[in-house]
Number of protein chains: 2
Amino acid sequence: MTAAIPARLFHFVAGNNGPWRIEGAQCISGAPLPAAARIAMVPDSPGFHPDRASWSLRGITSNERYVTRDEKTALVAKQEGLGRPQANCAALIPIRKTAAWWALPQDERRHILEAQSQHIAIGMKYLPAIARRLHHCRDLGSDQPFDFITWFEFAPADTSAFDELLATLRASPEWNYVDRESDIRLVHAGD
Amino acid sequence: MTAAIPARLFHFVAGNNGPWRIEGAQCISGAPLPAAARIAMVPDSPGFHPDRASWSLRGITSNERYVTRDEKTALVAKQEGLGRPQANCAALIPIRKTAAWWALPQDERRHILEAQSQHIAIGMKYLPAIARRLHHCRDLGSDQPFDFITWFEFAPADTSAFDELLATLRASPEWNYVDRESDIRLVHAGD
C-alpha cells in the first residue's frame, strides 16, 4: 500500500494489549463476544495477523449508502474527527442486521432508516460531541460475524448524552432488523 | 461455511484451466489484464488459493444499492438465472469507478445511474435473454483493482443484443465515472 492510499480496512483486536482499556462490555442481542481487557484499532497492512487475541473483528470504511447531499453537507459542517485529546472515552458497537433487512430494496431501507427512525438526524443532534467512524463488514466475505462496526469517541462529560443517543436508536423501527449487537465501552489508557 | 449459507464470494481465475474459453479480451479503459486462455468462476471456500493463474479477481454478491421496490419487482419477474444450457456465451466485465463517483452522496449517485443514464431500465430491456450477476469488489480491502465484476450469460444469437446493451451503457453519463474497464468474452467449453 502506498502513502497515497489511506487504509480503509481496520482490525479491532481484543486481548491484553492495546491503548484502549475495556471498562464495560454488554451483549445487547445475539451471541456475546468473549471477555478481554484491552482493544487496539489497527489499520490493515500486508501480512498483518492479530496474535494472541481474545477476538478480532475487521471492518472497512466506505461510501455513504443512505445520506443525501443536504444531509452530507450538514454532517460535514458539524462533525469532528477521531483522536481529539479530550475525547478519551470510546465505544465499539458491532451490529448485525437480519436477512429480511438485506432483502429490502434501497428505497425501503432508506425509508426505515431515516423517515421512520431518524437515524441520520439523531446522530446529527449529538455532533460534534460524539465523533464516529462507521466500518462495513458484511461484504468482506460470505459469512461475517457482524455487518457493521461503529467506533465512537467522546469526552467523559458526554457519556450520558451518548447513552441517550444509543437508547433512542435502539427504540427505533430500524432496530427491529438488528439481531446481534454488543456494546463495549473503553477509556484511553495511553499508547 | 455451513450448507445453509450459500457462498457470496467468488473467484474469477484466469489461466490455462476452467470451463470457459476466452474468445476475446478488450481493454476499454485503464490498465489491461494479462492474457489467458480460460477462466474458472469458483465459489470461495476456506483456504482456497488460485494456483498457477495468469490473474485472479474476487467479487461478492450483495444487497441492492440503487434498485427500488417497483424496479426489483419488475426485474425479479423478468430475469432468469445463470447456468441455462442454451446460454453458452458469457462475458466478464470488471470496472472501476473514480474517486469522484465514490465521494458523491447516495441521492446523486442514484440520479446519475438511473435518472440520467437509465442503467436499470436498459438492463431490463434485455431480460431475460441477458442474465447477469453483479459482484462487488471495492470493499473487500483497502486497495482493490476493480470496484465491480459483472458476469453475463446469453445464447450465441443474443451476442449482438449484448453488444448493443454495452454500447448504450458506455455512452451514458454514468460511464464518465468509469476509469478502468475490461471486456472478456467467453464460450462454455465443457466442465
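Heads up: the structure comes first, above all this text.
Let me begin by describing the structure that accompanies this report.

Here is what the cut-offs are and how they apply
- Residues numbered from 1 in each chain as written.
- Chains lettered and ligands numbered in written order.
- Predicted model: local features only at pLDDT ≥ 70, side-chain atom pairs only at ≥ 80, totals over all residues.
- Heavy atoms only, no water.
- Contact = heavy atoms within 4.5 Å.
- Buried area = accessible area lost by both parts, 1.4 Å probe.
- Salt bridge = Lys/Arg side-chain N within 4 Å of Asp/Glu carboxyl O.
- Polar contact = N/O pair within 3.5 Å; in protein donor to acceptor, adjacent residues only side chain to side chain.
- Helix = DSSP H or I, 4+ residues; strand = E, 2+ residues; numbered from the N terminus.
- Buried < 20%, exposed > 50% of the residue type's maximum accessible area, 1.4 Å probe, protein only.
- Arc of directions from axis to C-beta.
- Phe/Tyr/Trp six-rings, centres within 6.5 Å; stacked < 30°, edge-to-face > 60°.
- Lys NZ or Arg CZ within 6 Å of the ring centre and 35° of its normal.
- Least-squares fit on C-alpha atoms with pLDDT ≥ 70 in both.
- Lys, Arg positive; Asp, Glu negative; His and termini not counted.
- 1 Å grid on protein atoms, 1.4 Å probe; cavity = no way out; pocket = protein on both sides within 12 Å on 5 of 7 lines; lining within 4 Å.
- Points joined across faces, edges and corners; volume = space filled by probe spheres on them.
- Nonpolar A, V, L, I, M, F, W, Y, C, P; charged D, E, K, R; others polar.
- Pairing = 2+ DSSP bridges.

1. Focus on the interface of chain B and chain A
Part 1 of the argument: Residue-level contacts link 30 residues of chain B with 30 residues of chain A.
Part 2 of the argument: Buried area between chain B and chain A, both sides added, is near 2700 Å², and the carbon and sulfur share of it is 43%.
Part 3 of the argument: Among the residues chain B hides against chain A, the three largest losses belong to R69(B), D139(B) and S142(B). Together they make up 24% of the total.
Part 4 of the argument: On the surface where chain B and chain A come into contact, there are 6 salt bridges.
Part 5 of the argument: Note that D139(B) is salt-bridged to R8(A), the shortest N-O span being 3.0 Å.
Part 6 of the argument: Inspection of the region where chain B meets chain A yields 22 residue pairs in polar contact (both at pLDDT 80 or more).
Part 7 of the argument: Among the secondary structure elements, those contributing two or more residues to the side of chain B that touches chain A are α1 (69-78), α2 (99-103) and α3 (106-116) of chain B.

2. Overview of α3(B)
Given 3.6 residues to a turn, an α-helix orients residues that are three or four positions apart in the same direction.
Part 1 of the argument: Burial in α3(B) covers these residues: Q106(B), R109(B), I112(B), L113(B) and E114(B). Projected down its long axis, α3(B) carries its buried residues within an arc of 160°, all on one side.
Part 2 of the argument: Close packing links the buried residues of α3(B) with α3 (106-116) of chain A together with α1, α2 and α4 (119-125) of chain B.

3. Describing the packing of aromatic side chains
Part 1 of the argument: Evaluation of the coordinates by the stated rule reveals 12 aromatic pairs over all chains.
Part 2 of the argument: Relative to F162(A), the ring of F154(A) has its centre 4.6 Å away and its plane inclined at 25°; by these criteria the two rings are stacked. Each member of the pair F154(A) and F162(A) is classed as buried.
Part 3 of the argument: Cluster of aromatic residues (ring-pair linked, three or more members): F12(A), W20(A) and W151(A).
Part 4 of the argument: Here the basic side chain of K97(B) rests over the ring of W101(B), its NZ or CZ set 3.9 Å away from the ring centre.

4. Quick notes on the relation of the copies chain B and chain A
Part 1 of the argument: For the match of chain B to chain A, the screw axis carries a shift of 0.0 Å, the RMSD comes to 0.0 Å, and the turn is 180°. The superposition of one copy onto the other is thereby described by a two-fold rotation axis. Within chain B, the C-alpha atom positioned nearest to the axis of rotation is that of L140(B), 2.4 Å from it.
Part 2 of the argument: Taken together, the interface assignments show that 100% of the residues at the interface of chain B recur at the interface of chain A, consistent with an identical surface on both copies.

5. What about the side chain of E153(A)?
All names here are of chain A.
Part 1 of the argument: With respect to the helices, strands and loops of the structure, E153 is situated in strand β7 (residues 148-154).
Part 2 of the argument: Here E153 occupies a buried position and makes no salt bridge, while the nearest side chain of opposite charge, R84, is found at 5.7 Å.
Part 3 of the argument: Side-chain polar atoms of E153 contact the side chain of W151, separated by 2.9 Å.
Part 4 of the argument: Ignoring any residue separated from it by four or fewer positions in sequence, one finds E153 in contact with W20, L82, G83, R84, A87, C89, A90, A129, I130 and A131.

6. Details of empty space enclosed by the protein
Part 1 of the argument: This structure, assessed with the given rule, holds 1 cavity of 30 Å³ or more.
Part 2 of the argument: Reported here for the largest cavity is a volume of approximately 150 Å³.
Part 3 of the argument: R65(A), W102(A), H136(A), F148(A) and N63(B) are, among the 18 residues lining the largest cavity, the residues nearest its centre.
Part 4 of the argument: Among the residues making up the lining of the largest cavity, the classes are represented as 6 nonpolar, 4 polar and 8 charged.

7. Quick look at the environment of R109(B)
Part 1 of the argument: Locating R109(B) in the fold gives a position in helix α3.
Part 2 of the argument: For R109(B), a relative accessible area of 1% puts it in the buried group.
Part 3 of the argument: Separated by 65 residues in sequence, R109(B) and E174(B) have C-alpha atoms that sit 8.7 Å apart.
Part 4 of the argument: Setting aside anything within four residues of it in sequence, one finds R109(B) in contact with N63(A), E64(A), Y66(B), W101(B) and L104(B).
Part 5 of the argument: Here the side chain of R109(B) touches L104(B) through a polar contact of 3.0 Å, landing on its backbone oxygen.
Part 6 of the argument: Polar contacts involving the side chain of R109(B) include one to the side chain of Q106(B), which spans 3.2 Å.

8. Focus: the pairing of strand β8 (residues 178-188) of chain B
Consecutive side chains along a regular strand alternate between the two faces of the sheet.
All names here are of chain B.
Part 1 of the argument: Counting buried residues along β8, 9 of its 11 residues qualify, which places the element largely inside the surrounding structure.
Part 2 of the argument: In this structure, strand β2 (residues 20-29) lies alongside β8, joined through 8 bridges in antiparallel fashion. Residue pairing across strands places Q26 opposite D183, the latter belonging to β8.
Part 3 of the argument: Bridging between strand β5 (residues 89-97) and β8 involves 7 bridges; their strand directions are antiparallel. Within β8, the residue paired with R96 across the bridge is R180.

9. Here's the deal with unusual backbone geometry
Residue and element names in this part refer to chain A.
Part 1 of the argument: Cis rather than trans, the peptide bond between L127 and P128 has omega equal to 0°.
Part 2 of the argument: Within the secondary structure, P128 is located in the loop between α4 (119-125) and β6 (131-136).
Part 3 of the argument: Phi is positive for Q118, close to 50°, though the residue is something other than glycine.
Part 4 of the argument: By the element assignment, Q118 lies in the loop between α3 and α4.
Part 5 of the argument: Classification of Q118 as partly exposed rests on a relative accessible area of 36%.

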